[in-house]
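Structural overview
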Amino acid sequence: MAQISELNFFVTYILVAILLFSFTALFALFAVYAERKVSAFIQDRLGPMETGKFGSLQTLADILKMLQKEFIIPRAADKVLFVVAPVIIFISVYMGFASLPWAPDLIPSKINLGVFYVFAIVSVESVGILMAGWGSNNKYSLLGALRSVAQVVSYEIPAGIAIISAVMISQSLDLQEVSRLQGILTDQTTKFFGFWDVTKVGGIFAWNIFQAPHLIIAYVIYFIASLAECNRAPFDIPEAESELVSGFHTEYTGIRFAFVFLGEYSMMFLVGMFGVLLFLGGWNTPLPNIGSVTLADWTTGTAWGIIWIVAKVLLVVFVQMWIRWTLPRLRVDQLMDLCWKVLTPLAFLCMLISGVWRLLVM
Amino acid sequence: MNLEQVVFYVFAAVVLSSALLVVVSRNLVRSIFLFFITLFSMAGVFVFALADFVALTQLVIYVGGVLVLMIFAFLLSNKHILDNPESLKTKLFGFHNLPAILVAFLFFGILLWCISLAQIDQLAWIQGSAGNTLEVTDNTIHNIGITLMTKYLLPFEVVSIFLLMALVGAAHLARKERKP
């Protein structure tokens, strides 16, 4: 019996891993289509219209094309590094999903150090990018990789400190615990802006950014830094088309290119979800209890949790796309100035306020 | 042998073999990327020792920081130098290697001797700590935080000042020369 239950245990874990993988793949399919449609809307075009109704089968067709393409390895490339790099890029992002909770009792791996784990595992991506840049043996790829890693490493600092200021309010590194403290399931007293007790009201008022208003600034810092970590416009100098062809993935074709892209879009979802969990209430409902109309009680549960978190993250992803297609690219020095002279001091200020807030107000 | 032990030995084997390859490999860039595997599986071994915080810190500092900096230094240097690092003699145990081999084996011998002298099983604090063990579900960070702020406050502060000095030095070096 013991062996069978142990077997079940492993089968569950493998199933969860496969589910998460198919989710990221499906999300990437959807997001590429959404990106095209959003960019088309912003630029007053129609976007893909030919394949399927409103071009809805366009990305599926693209994937089919990519699967059939030939693997091309440049003759001068370092073959091992070139082949392994896209896999490392994707896996580092994919492993991050392991400790992100989806609903009150739904989390792939409940670990005490969830926040730190996600932060640590995502930093592995830069090794993959450097590997791709070096392995391609191409000036554009190498420059793109260098720029990308310089940017990611710099922006990790304001992002990390903004995360710490949220963690100081929650007093836990367990992402499930952090989300639980932002809704009606909490076992502590929650106060809206530090004066109105909303422990029983819940909803949007109990989210971290409203429990401590300076976290709104911290979230904006985190959001900007997360754009830089995804290498997305206005921080896309690593793949600036006008200068570097397409940066570190210039030489990739077919399914390997698809893996790089899958990594990028999963990263968008991952950083969005991480931000939602820390600042925007996680899987908690935005609807508060109003007297006898207990909207928050009605809309809390496993299914509702998944719905809320996916809705919130998709909203964040939409904002990421919106920003990409409306803002111009930053120059390298402007990028570093923004990181070190604006975001980092502001993030430190947020951390300081968090400490004072925790001691004096909460 | 249960599954945990199998996984532990797999991790340990990966650590040792990749570390050996790092040293033996002629291709410097590849050996740096192999070092990544060493560090990553080392983090895995830490997880099995229930030191999850140490494992993650290892990832953040060594993989995300030190290793990336090392790769940076390589990428910014000349590829020609990296590909042909001096014409080394091809013999495995050449005469010029003899001092290094001697030192390495002597050091290994001293280590073995010290370990046998210490008699780890007989140490009082190890025998006394039989019941004082961690559970998998224990939260280690509270302990780490409290000991850092009480017992190890002075080393902690010294390290922070040391890091501050390094930061100031780096900022000074990176600064533009002011024109007279």
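Bear in mind that the values here come from a model prediction, so they are computed numbers and not experimental data.

Scoring rules and cut-offs
- Residues numbered from 1 in each chain as written.
- Chains lettered and ligands numbered in written order.
- Predicted model: local features only at pLDDT ≥ 70, side-chain atom pairs only at ≥ 80, totals over all residues.
- Helix = DSSP H or I, 4+ residues; strand = E, 2+ residues; numbered from the N terminus.
- Buried ≥ 20, exposed ≤ 12 C-beta atoms within 10 Å, placed from the backbone.
- Domains from an automatic or database assignment.
- Contact = placed C-beta atoms within 7 Å.
- Nonpolar A, V, L, I, M, F, W, Y, C, P; charged D, E, K, R; others polar.
- Axes fitted to C-alpha atoms, helices over the stretch in contact; angles between N-to-C directions.
- Parallel < 35°, antiparallel > 145°, perpendicular 65-115°, else oblique.
- Left-handed = near helix turned anticlockwise from the far one by under 90°.
- pLDDT = per-residue confidence, 0-100.
- Expected span 1.5 Å × (residues − 1).

What about the overall build of chain B?
The secondary structure content of chain B amounts to 8 helices and 0 strands. Secondary structure elements of chain B, listed N to C terminal, follow the sequence α-α-α-α-α-α-α-α. Burial status across chain B gives 13% buried among its 180 residues.

Quick look at the domain arrangement of chain B
Looking at chain B, the domain boundaries give domain 1 (1-86), domain 2 (95-127) and domain 3 (140-180). A straight line from the C-alpha centre of domain 2 of chain B to that of domain 3 of chain B covers 34 Å.

Quick notes on unusual backbone geometry
All names here are of chain A. A positive phi angle, close to 60 degrees, is found at aspartate 44, a residue other than glycine. Considering the arrangement of structural elements, one finds aspartate 44 in the loop between α1 (2-42) and α2 (58-68). Unlike most non-glycine residues, glutamine 171 shows phi in positive territory, near 60 degrees. When you line up the elements, glutamine 171 lands in the loop between α6 (139-170) and α7 (175-180).

Some remarks on the interface of chain B and chain A
Residue-level contacts link 16 residues of chain B with 20 residues of chain A. Of all the elements in the fold, those that place two or more residues in the side of chain B that touches chain A are α2 (28-48) and α3 (52-76) of chain B. Among the elements that line the side of chain B that touches chain A, the one with the most residues is α3(B), at 11 residues. Residues that form the side of chain B that touches chain A fall into these classes: 13 nonpolar, 2 polar and 1 charged.

Remarks on the packing of helix α3 (residues 79-96) of chain A against helix α11 (residues 254-279) of chain A
Residue and element names in this part refer to chain A. It is at 8 Å that the axes of α3 and α11 come closest, and there the two elements cross at 25 degrees. Classified by the interaxial angle, the pair formed by α3 and α11 is roughly parallel. The hand of the α3/α11 crossing is left-handed. In contact with Pro86, Val87, Ile89, Phe90, Val93, Tyr94 and Gly96 of α3, α11 contributes Arg256, Phe259, Val260, Leu262, Gly263, Ser266, Met267 and Leu270. Residues that form the contact of α3 with α11 fall into these classes: 11 nonpolar, 3 polar and 1 charged.

Examining the packing of α2(B) against α3(B)
The relative placement of two packed helices comes down to the angle between their axes together with the axis-to-axis distance. Residue and element names in this part refer to chain B. Their axes nearest at 8 Å, the elements α2 and α3 cross at an angle of 175 degrees. Here α2 is positioned roughly antiparallel relative to α3, judged by the angle of their axes. In contact with Leu28, Val29, Ile32, Phe35, Phe36, Leu39, Phe40, Met42, Ala43, Phe46 and Val47 of α2, α3 contributes Asp52, Val54, Ala55, Gln58, Leu59, Tyr62, Val63, Leu67, Met70, Ile71 and Phe74. A class-by-class count of the residues in the contact of α2 with α3 yields 20 nonpolar, 1 polar and 1 charged.

What to know about the confidence of the model for chain A
When pLDDT is averaged across chain A, the result is 84; 98% of the residues are at 70 or more. Ranking the helices and strands of chain A by mean pLDDT puts helix α9 (residues 214-229) of chain A first, with 90, and helix α10 (residues 241-244) of chain A last, with 72.

Some points on the environment of Val68(B)
With respect to the helices and strands, Val68(B) occurs in helix α3. For Val68(B), a count of 22 C-beta atoms within 10 Å puts it in the buried group. Spatially, the C-alpha atoms of Val68(B) and Phe33(B) are 9.8 Å apart, while their sequence positions differ by 35 residues. Excluding residues within four positions of it along the chain, Val68(B) makes contact with Ser126(A), Val127(A), Leu130(A), Val149(A) and Val153(A).

Topic: helix α8 (residues 153-174) of chain B
Taking 1.5 Å per residue as the helical rise, α8(B) with its 22 residues ought to reach 32 Å, and the 32 Å between its terminal C-alpha atoms agrees with that figure. In terms of burial, α8(B) is a largely surface element, 0 of the 22 residues being buried.

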